[in-house]
Amino acid sequence: MATYILPKFGEIRFSCPHCGALAHQYWGATMVKWLKKDASPARWGIDELKKVYEEQKELDPKERFSDFEKLPEYIEAASGKIMASRHREDPYSHLIYQLDVSKCDSCEEIALWMGDKMVFPAVGPSVFANQDMSRDVRKLYDEAGAVFSTSPRSAAAMLRLALQVLLKELGGKGTNINDDIDYLSDNGLSPQLVKVMHSLRIIGNESVHPGQISVDDDPSIAEAMFRLINEVIEQLVTRPREQEELWLMLPENKRKPVEKKINKTEK
Ligand SMILES: [Zn+2]
């Protein structure tokens, strides 16, 4: 996997929350152009806009709407996309404090920042979830991803819950995380992974009870949790699966003698 750099307010280079590329970021302030008194923001239907565009295309350029050039992006935006216009306008406008925009140099998509937190898009810090993650764990993992930018603390609590579900899938009882980690530890889990699981447990706990670790002050802690959950699945689910798949690719007459030997030593 390519290097991942957590999106951070004011940084000019980080992994894009849209395309995942480690790319240069342009920053912009947001300005508001107030509408007339009692006016509401316009929202055009996408089909309506497409129809108008087709009609306008047939006309002599001199007879087209003044914002004909903007119709393609009106259509794009009408699909619900939050995006920056490619057309410059110079109206009277007023700066919105504490709301800034970053734009990815690679895909040109924008992210919105409120204070120093990214509020759009709502994605986790780790774009890729391990493909062997079960549906139940994945649901919690994605939920954690959706709240990560606004509340790393909630993400940490959610990931602790994901670990609890994962432990149950790995043979634990699913009632007490500590007992389940002990159970796996007694059954040959490496000390390194025991530490990883306790880290996830402890950080998750501290995020819901006042403790010594402040996850909101240091989002990199919650960010690490996303990677660690993936690491646990990689080692305990993906690798055994790949090893077994490779083993089953061998001809049976080659496997049999080895399996016999293994069974003997296990007895
Ligand atoms: Zn991008």
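So, how was this worked out
- Residues numbered from 1 in each chain as written.
- Predicted model: local features only at pLDDT ≥ 70, side-chain atom pairs only at ≥ 80, totals over all residues.
- Heavy atoms only, no water.
- Helix = DSSP H or I, 4+ residues; strand = E, 2+ residues; numbered from the N terminus.
- Rg over C-alpha atoms; globule rule 2.2 N^0.38 Å.
- Buried < 20%, exposed > 50% of the residue type's maximum accessible area, 1.4 Å probe, protein only.
- Contact = heavy atoms within 4.5 Å.
- Areas by Shrake-Rupley, 256 points an atom, 1.4 Å probe, with all protein chains shown as cover.
- Core = buried A, V, L, I, M, F, W, Y, C linked by side-chain atoms within 4.5 Å.
- Domains from an automatic or database assignment.
- Pairing = 2+ DSSP bridges.
- Axes fitted to C-alpha atoms, helices over the stretch in contact; angles between N-to-C directions.

### Observations concerning the overall build of the protein
Right, on to step 1. Within the protein, the regular secondary structure consists of 8 helices and 5 strands.
Right, on to step 2. Secondary structure elements in the protein, listed N-terminal to C-terminal, are β-β-α-α-β-β-β-α-α-α-α-α-α.
Right, on to step 3. Relative to the globule expectation of 18 Å for 267 residues, the C-alpha radius of gyration of the protein, 26 Å, shows a markedly less compact shape.
Right, on to step 4. Split into buried and exposed, the 267 residues of the protein put 30% on the buried side.
Right, on to step 5. Put simply, 55% of the contacts in the protein that link residues at least 6 apart link residues at least 24 apart.
Right, on to step 6. For the protein, the accessible area works out to roughly 17,700 Å², and carbon and sulfur atoms hold 53% of it.

### Comments concerning the nonpolar core
Right, on to step 1. Met197 and Ile229 are the most contacted members of the largest nonpolar core, which totals 33 residues.
Right, on to step 2. Listed by contribution, the elements that provide at least two residues to this core are helix H3 (135-148), helix H4 (152-169), helix H5 (177-186), helix H6 (191-208) and helix H7 (219-249).
Right, on to step 3. Residues in contact with Met197, not counting those within four places in the same chain, are Leu163, Leu167, Leu170, Ile181, Leu184, Leu189, Val232 and Leu236.

### Let's talk about the domain arrangement of the protein
Right, on to step 1. Its domain assignment divides the protein into domain 1 (1-32 + 96-115), domain 2 (34-88) and domain 3 (135-253).
Right, on to step 2. Relative placement of domain 2 and domain 3: their C-alpha centres are 47 Å apart.

### Topic: the environment of Gly171
Right, on to step 1. Structurally, Gly171 can be placed in the loop between H4 and H5.
Right, on to step 2. As a C-alpha pair, Gly171 and Tyr183 span 12 residues in sequence and 8.4 Å in three-dimensional space.

### Here's the deal with the sheet that holds strand S2 (residues 22-32)
Right, on to step 1. One open sheet accounts for 5 strands, arranged S1-S2-S3-S4-S5; its pairing is antiparallel. Edge positions in the sheet fall to strand S1 (13-15) and strand S5 (117-120), since each of these pairs with one other strand and no more. Going from strand to strand, the sheet's axes swing by 50° on average, the running direction of each strand aside.
Right, on to step 2. Sheet analysis places strand S4 (residues 110-114) next to S5, joined by 3 bridges and oriented antiparallel. Paired with Met114 across the two strands is Lys117, which belongs to S5.

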